Amino acid sequence: MKATVTAHPRFVVSEIDPRLYGSFIEHLGRAVYTGIYEPGHSTADSDGMRKDVIDLVKELDVPVVRYPGGNFVSAYNWEDGIGPKDERPVRLDLAWHTSESNEVGIHEFADWCVSANTEMMLAVNLGSRGLDEARNFLEYTNHPGGSYWSDLRIKNGRKEPWDVKLWCLGNEMDGPWQIGHKTADEYGRLAHETAKALRSFDKSLELIVCGSSNAKMPTYPEWEATVLDHTYNEVDYISLHMYFDNEANDTPNYLAMSEKLDAYIVSVSGVIDYIKAKKRSSKQVYISFDEWNVWYHSKEQDKKILGGNDGWPFAPPLLEDIYNFEDVLQVGLIINTFIRRSNVVRIACLAQLVNVIAPIMTAPGGAAWRQTIFYPFMFASRFGRGKALDLNVDGPTYPTKVAGDISSLDVSAVNDEATGHVTFFVVNRSDKTVEAEFDLTGFGDRAEIVDFQVMTHGNLKAVNTEANMMEVAPRKGEGASVSAGRLLADFAAYSYQMIRVKV
Ligand code: AHR
């Protein structure tokens, strides 16, 4: 089976916003407690933050982290997480039926972001609360001083404002499961007024309004049209979420689901353009895909935890998906889709970052390790910055129920003009080897391979565990060659690879 891939420096999709490689930490399960925060752990810093986790987050090079939820935010009082720790209230978290100690709040998270070399993207509670809470929170985080909330921040130990730019106007407000769920009109009005108030404080904020929780919602895509009709001129992004599962244990169709993701992005992009035209607006709203990942491995365990009449546990092991090799391919396909649509998807957040459907796992009091999906995310985040290229891929296909005939080879490429490196991310999602030729002659005839990383495994269900952390890991690729601007490489059945070429 043969394929050809043509790349040319003048065929560009878009300059990628680095925030395409964002992530997410929610007060959920062990994401915060025994995830990023574990005082007494052998690696904990003076704030109780685990340095072993910080090191892994830095390895992923995550530019932005969404916080504090998720469903959690829709009944959260941010004021519970400020002031002396021993005076903070323990609250019942209605979203996940757990207890929240509030030991970690905005100050602790902000300090952690500095240590982890990332920025905050904050969500306000538009479920149980509203505009007033949102404007107070913004004044607390971003005003230099001389007002009630900013002076309280200073009293609580932080003199300089954090100047948080990215704000989510609630979370999944279309979902009946959401505390304070609303109709599109109710939410659209509230989001508009909240955005207006936040903008009155600072015009340069970047505001994200909630789109659909997934493309199967009965209200999709009317929800997007109605909400944007209310908010178009006050917001910068509409948020989308999507999770992927292989509950049917049907690999060919599982690996076709990124085509659904692509269709979802294209449709919402159409709705954005429709409202833009309707409003005769010159402004462009983009997509913030601020929750995405594989999520299904933990569902049985979660049913037991949530269904077993255990009261209100503190930091139980919820949503602890253990990812397998097949999920490496899925995550690679999802990221390739975002890169190819980076002209409309400007921000994306891998949900989540630690323990909860996450690339990083921890044992309380023990080690931290990389799940299988850590690697495709890391390669893209570190080397997928620059200009996304509009490739021509011509090669074998295979038939699927999910999306018809789909390309066996899924490829994205990013041209980093600063380093002169073009990086290809290639997933062979078929069960046959594909021999590919990359035509790079548009870049000249002096291309050379600087790195070639491959992930394959004889067992699609292989996982990394605390006892065997490196079962699924990348290795140096072999056998690729380049001459006169033509790169030849074989891509094994069910494989992920990153090839960096100096042009
Ligand atoms: O990421 C887990 C949950 O998935 C989030 O809390 C919610 O927004 C989504 O439904």
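Residues numbered from 1 in each chain as written. Predicted model: local features only at pLDDT ≥ 70, side-chain atom pairs only at ≥ 80, totals over all residues. Heavy atoms only, no water.

1. What to know about the pattern of salt bridges
Item 1. Scanning the model with the defined rule gives 33 salt bridges in all.
Item 2. With its nearest N and O atoms 2.9 Å apart, the salt bridge here joins E206 to R19. In this pair, E206 sits in strand β9 (residues 206-210) while R19 sits in the loop between β2 (12-15) and β3 (22-24), placing the two residues 187 residues apart along the sequence.
Item 3. We classify E206 as buried; its relative accessible area is 18%.
Item 4. One salt bridge connects D439 with R486, and the closest N-O pair in it is separated by 3.7 Å. Residue D439 is located in strand β21 (residues 434-439), and its partner R486 is located in strand β25 (residues 486-491); the two are separated by 47 residues in the primary sequence.
Item 5. According to the relative accessible area criterion, D439 is buried, its value standing at 18%.
Item 6. Judged by its relative accessible area of 35%, R486 is partly exposed.
Item 7. Taken together, the salt bridges that share partners define one network made up of E259, R340, D410 and R429. (Salt bridge = Lys/Arg side-chain N within 4 Å of Asp/Glu carboxyl O. Helix = DSSP H or I, 4+ residues; strand = E, 2+ residues; numbered from the N terminus. Buried < 20%, exposed > 50% of the residue type's maximum accessible area, 1.4 Å probe, protein only.)

2. Thoughts on a nonpolar patch on the surface
Item 1. On the surface, a nonpolar cluster with roughly 290 Å² of combined accessible area is contributed by L92, L94 and W312.
Item 2. You can see L94 is positioned in the loop between β5 (91-93) and β6 (98-100). (Patch = residues over 30% accessible without salt bridge, like charges linked within 9 Å, V, L, I, M, F, W, Y side chains within 5 Å. Areas by Shrake-Rupley, 256 points an atom, 1.4 Å probe, with all protein chains shown as cover.)

3. Description of the environment of W223
Item 1. Along the polypeptide, W223 turns up in helix α6 (residues 222-231).
Item 2. Taking C-alpha positions, W223 is 27 Å from M120, a pair spaced 103 residues apart along the chain.
Item 3. For W223, the contacting residues outside a window of four places in its chain are M173, D174, K182, T183, A184, Y187, C210, G211 and S212. (Contact = heavy atoms within 4.5 Å.)

4. Brief notes about the environment of N71
Item 1. Here N71 lies in the loop between β4 (64-67) and β5.
Item 2. Taking the C-alpha atoms as reference points, N71 and I357, separated by 286 residues in sequence, lie 14 Å from one another.
Item 3. Among all residues touching N71, those that are not within four sequence positions of it are E26, A95, W96, N171, E172, W177 and Q178.
Item 4. At 3.5 Å, the side chain of N71 forms a polar contact with the side chain of W177. (Polar contact = N/O pair within 3.5 Å; in protein donor to acceptor, adjacent residues only side chain to side chain.)

5. Quick notes on the sheet that holds β25
Item 1. Spatial ordering of the open sheet is given by β16-β1-β21-β25-β24, a layout of five strands whose pairing is mixed. Edge strands, defined here as strands with exactly one partner in the open sheet, are β16 (392-394) and β24 (481-483). Each strand of the sheet is rotated relative to its neighbour by a mean of 15°, with strand direction disregarded.
Item 2. In terms of strand pairing, β21 meets β25 through six bridges, oriented antiparallel. Bridge pairing links E437 to L488 in β25. (Pairing = 2+ DSSP bridges. Axes fitted to C-alpha atoms, helices over the stretch in contact; angles between N-to-C directions.)

6. Things to note about the domain arrangement of the protein
Item 1. Parsing the protein into structural domains produces domain 1 (2-8 + 389-502) and domain 2 (17-383).
Item 2. For domain 1 and domain 2, the distance between their C-alpha centres works out to 30 Å.
Item 3. Sorting the residues of domain 1 by area buried against domain 2 places V402, L460 and Y496 first, and these three jointly supply 17% of that buried surface.
Item 4. Joining domain 1 to domain 2, the criterion identifies 17 residue pairs in polar contact (both at pLDDT 80 or more).
Item 5. When contributions to the side of domain 1 that touches domain 2 are tallied by element, the ones reaching two or more residues are β17 (397-400), β19 (409-416), β20 (421-428), β22 (448-455) and β26 (495-502).
Item 6. The element best represented in the side of domain 1 that touches domain 2 is β19, accounting for five residues.
Item 7. Residues that form the side of domain 1 that touches domain 2 fall into these classes: 21 nonpolar, 10 polar and six charged. (Domains from an automatic or database assignment. Buried area = accessible area lost by both parts, 1.4 Å probe. Nonpolar A, V, L, I, M, F, W, Y, C, P; charged D, E, K, R; others polar.)

7. Comments concerning the packing of aromatic side chains
Item 1. Under the definition given, this model contains 21 aromatic pairs.
Item 2. Seen from their ring centres, F109 and W112 are 5.7 Å apart, and the 20° between their planes marks the pair as stacked. Taken together, the residues F109 and W112, both in helix α2 (residues 106-115) and three residues apart, mark about one turn of the helix. Like W112, F109 is buried.
Item 3. One aromatic cluster is present, formed by W78, F137, Y140, Y148, W149 and W167 through successive ring pairs.
Item 4. In this structure, K299 is placed above the aromatic ring of W295, and the distance from its NZ or CZ to the ring centre is 4.9 Å.
Item 5. Positioned above the aromatic ring of Y286 is the side chain of R346, whose terminal nitrogen or guanidinium carbon lies 5.6 Å from the ring centre. (Phe/Tyr/Trp six-rings, centres within 6.5 Å; stacked < 30°, edge-to-face > 60°. Lys NZ or Arg CZ within 6 Å of the ring centre and 35° of its normal.)

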